Amino acid sequence: NVLESAVIAAYFNGLAGKTVQKKSGSSYGIYRFTRYSSRYHEIIRQNKMNIKKVLQHVDQNMDGLVKDLCILIHQPSVSAKNQGLKKCASLVKNTLKNSGINAEILTIKNYPSIVYGEIKSKKNPNKTLLFYNHYDVQPVEPIDLWHEDPFSGVVKGNRIYGRGSSDDKGEL
C-alpha cells in the first residue's frame, strides 16, 4: 500500500517528522510522518524484521555490490552525447539478471533503451511494485575539476568516486 511504502521510505531516509507529498492517481496526498504517530510505529514494527534482513544482506554482500556499481561507473553513458548508452543498458540488464531478476532491453526509435526487469511475487501476484531509475549521466565537463577519471569508480575509504556513483547508477 502507498502509505506503508512511504512510511518505510521515510524510515530509511530519515524523513520522520517531515511532510512528504505523494501523487496517488490524479490527486496528491500529503503525509506527515512523526515518530509519535501510532500508525508510523505500527508499520515500522511490522517491517522491522524485513528491514533487518535487507540490511544484513547488504552487509554480507557489500564487496559484490560495490563491484557491480564500479562496473556501471566504468561505462560512460552520457545521454547528451549519445555516448555508451547501449553498452550501459546491456550492463544494467546483466546486473539485474545476475540478481535473479528477469530482464530485457526495450527499444523505442530515437530514445535511449529502456531496461525492464520483473520479479513475480508468489504471495501477491496481482500487485505491482515499480522502481524507476535512469542509467545515463551528465557530461563530465569541465574535466579539469575532476580529481580522478570521471569513469574510474575509484573507492577511497567508504566512498566511491565517479560519474553516476550517486546519480543515478548508485541506486541500481
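In what follows, the accompanying structure is described. (Residues numbered from 1 in each chain as written. Predicted model: local features only at pLDDT ≥ 70, side-chain atom pairs only at ≥ 80, totals over all residues. Heavy atoms only, no water.)

### Examining the overall build of the protein
So the rule is basically this: Helix and strand assignments come from DSSP, with helices taken as H or I runs of at least 4 residues and strands as E runs of at least 2, each series counted from the N terminus. Burial classes follow relative accessibility: with a 1.4 Å probe on protein chains only, a residue under 20% of its type's maximum area counts as buried, one over 50% as exposed, and anything between as partly exposed. Only heavy atoms enter the contact rule, under which two residues are in contact if any of them lie within 4.5 Å.
Helix and strand content of the protein: four helices and six strands. The helix and strand sequence of the protein, counted from the amino end, reads α-β-β-α-α-α-β-β-β-β. For the protein, with 172 residues in total, the buried portion stands at 25%. Relative to all contacts within the protein whose residues are 6 or more apart in sequence, the contacts with residues 24 or more apart total 47%.

### Overview of the environment of Glu141
We count it as follows: Polar contacts here mean pairs of N or O atoms no more than 3.5 Å apart (in protein, one a potential hydrogen donor and the other a potential acceptor; neighbouring residues in sequence count only if both atoms are side-chain atoms).
Within the fold, Glu141 resides in the loop between β4 (114–118) and β5 (154–156). One polar contact links Glu141 to Lys81, side chain to side chain, over a distance of 2.9 Å.

### Quick word on the pattern of salt bridges
Where we set the bar: Just to be clear on terms, a salt bridge is a Lys or Arg side-chain nitrogen sitting within 4 Å of an Asp or Glu carboxyl oxygen.
In the structure shown here, the tally under the stated rule is two salt bridges. As a salt-bridge pair, Lys81 and Glu141 come within 2.9 Å of each other at their nearest N and O atoms. Taken together, the residues span a long stretch of sequence, with Lys81 in the loop between α3 (62–74) and α4 (85–98) and Glu141 in the loop between β4 and β5 at a distance of 60 residues.

### Quick notes on α4
For clarity, the cut-off: Expected span, for any helix, means 1.5 Å times one less than how many residues it has. Throughout, the arc means the angular range of directions from the helix axis out to the C-beta atoms.
Between its first and last C-alpha, α4 extends 20 Å over 14 residues, near the 20 Å set by a 1.5 Å rise per residue. For α4, the complete set of buried residues consists of Leu85, Cys88, Ala89, Leu91, Val92 and Thr95. Along the long axis of α4, the arc covered by the buried residues comes to 160 degrees, so they all point the same way. For α4, the exposed residues set more than 90 degrees away from the buried face come down to Lys86 and Asn98. If you follow the buried residues of α4, they end up packed against α3, β3 (102–106) and β4. Phi turns positive, to about 90 degrees, at Gly100, one or two residues after α4.

### Quick notes on the layout of surface pockets
Quick reminder of the rule: Think of a 1 Å grid over just the protein atoms. A cavity is a set of points where a 1.4 Å probe fits yet cannot get out, a pocket is an open set with protein on both sides within 12 Å along at least five of seven lines, and lining residues have an atom within 4 Å of a point. Grid points are joined across faces, edges and corners, and a volume is the space filled by probe spheres set on the points. Residue type decides the class: Asp, Glu, Lys and Arg count as charged, Ala, Val, Leu, Ile, Met, Phe, Trp, Tyr, Cys and Pro as nonpolar, and the leftover types, Gly among them, as polar.
Each pocket or cavity is described by its volume, and for the second largest pocket that value is around 150 Å³. Forming the boundary of the second largest pocket are Asn82, Gly84, Leu85, Lys86, Thr107, Asn110, Tyr111, Pro112 and Ser113. When grouped by side-chain class, the residues that make up the lining of the second largest pocket number three nonpolar, five polar and one charged.

### A few points about a nonpolar patch on the surface
Selection rule: Within the patch definition used here, like charges are joined within 9 Å and nonpolar side chains (Val, Leu, Ile, Met, Phe, Trp, Tyr) within 5 Å, considering only residues with over 30% relative accessible area and no salt bridge. To be clear on the numbers: accessible area is Shrake-Rupley with a 1.4 Å probe, and residue cover counts the displayed protein chains and nothing else.
Taken together, the side chains of Leu106, Ile108, Tyr111, Ile114 and Tyr116 make up a nonpolar region of the molecular surface, amounting to roughly 490 Å² of accessible area. Inspection of the secondary structure puts Leu106 in strand β3.

### Thoughts on the packing of α3 against α4
Put simply, the test is: Lines fitted to C-alpha atoms define the axes here, with helix axes fitted over just the stretch in contact, and angles between the N-to-C directions of these axes take values from 0 to 180 degrees. Any angle that falls under 35 degrees is termed roughly parallel, while one over 145 is termed roughly antiparallel, one within 65 to 115 roughly perpendicular, and all others oblique. A clockwise turn of the near helix away from the far one marks a right-handed crossing, whereas an anticlockwise turn of less than a right angle marks a left-handed crossing.
At a closest axis distance of 9 Å, the pairing of α3 and α4 adopts a crossing angle of 165 degrees. Of the possible angle classes, the one that applies to α3 and α4 is roughly antiparallel. Of the two possible hands of crossing, α3 and α4 adopt the one that is right-handed. Along its contact with α3, which presents Asp68, Ile71 and Leu72, the element α4 presents Cys88, Leu91, Val92 and Thr95.

### As for the nonpolar core
Put simply, the test is: Nonpolar core, defined: a set of buried Ala, Val, Leu, Ile, Met, Phe, Trp, Tyr and Cys residues in which side-chain atoms within 4.5 Å join the residues together.
The biggest cluster of nonpolar side chains holds eight residues, and these are Leu72, Leu85, Cys88, Ala89, Leu91, Val92, Val115 and Tyr135. In terms of residues, this core owes the most to one element, α4, which gives five residues. Once residues lying within four places of it in the same chain are set aside, the contact partners of Cys88 are Leu72, Gln75, Ser77, Tyr135 and Lys169.

### Quick look at unusual backbone geometry
A cis amide bond links Glu141 with the next residue in sequence, Pro142, at an omega value of 5 degrees. Position of Pro142 relative to the elements: it lies in the loop between β4 and β5. One non-glycine residue, Asn82, adopts positive backbone phi at about 50 degrees. Inspection of the secondary structure assignment puts Asn82 in the loop between α3 and α4. Here Asn82 falls in the exposed class, since its relative accessible area comes to 61%. Phi at Asn110 takes a positive value of approximately 70 degrees, unusual for a residue other than glycine. Secondary-structure assignment places Asn110 in the loop between β3 and β4.

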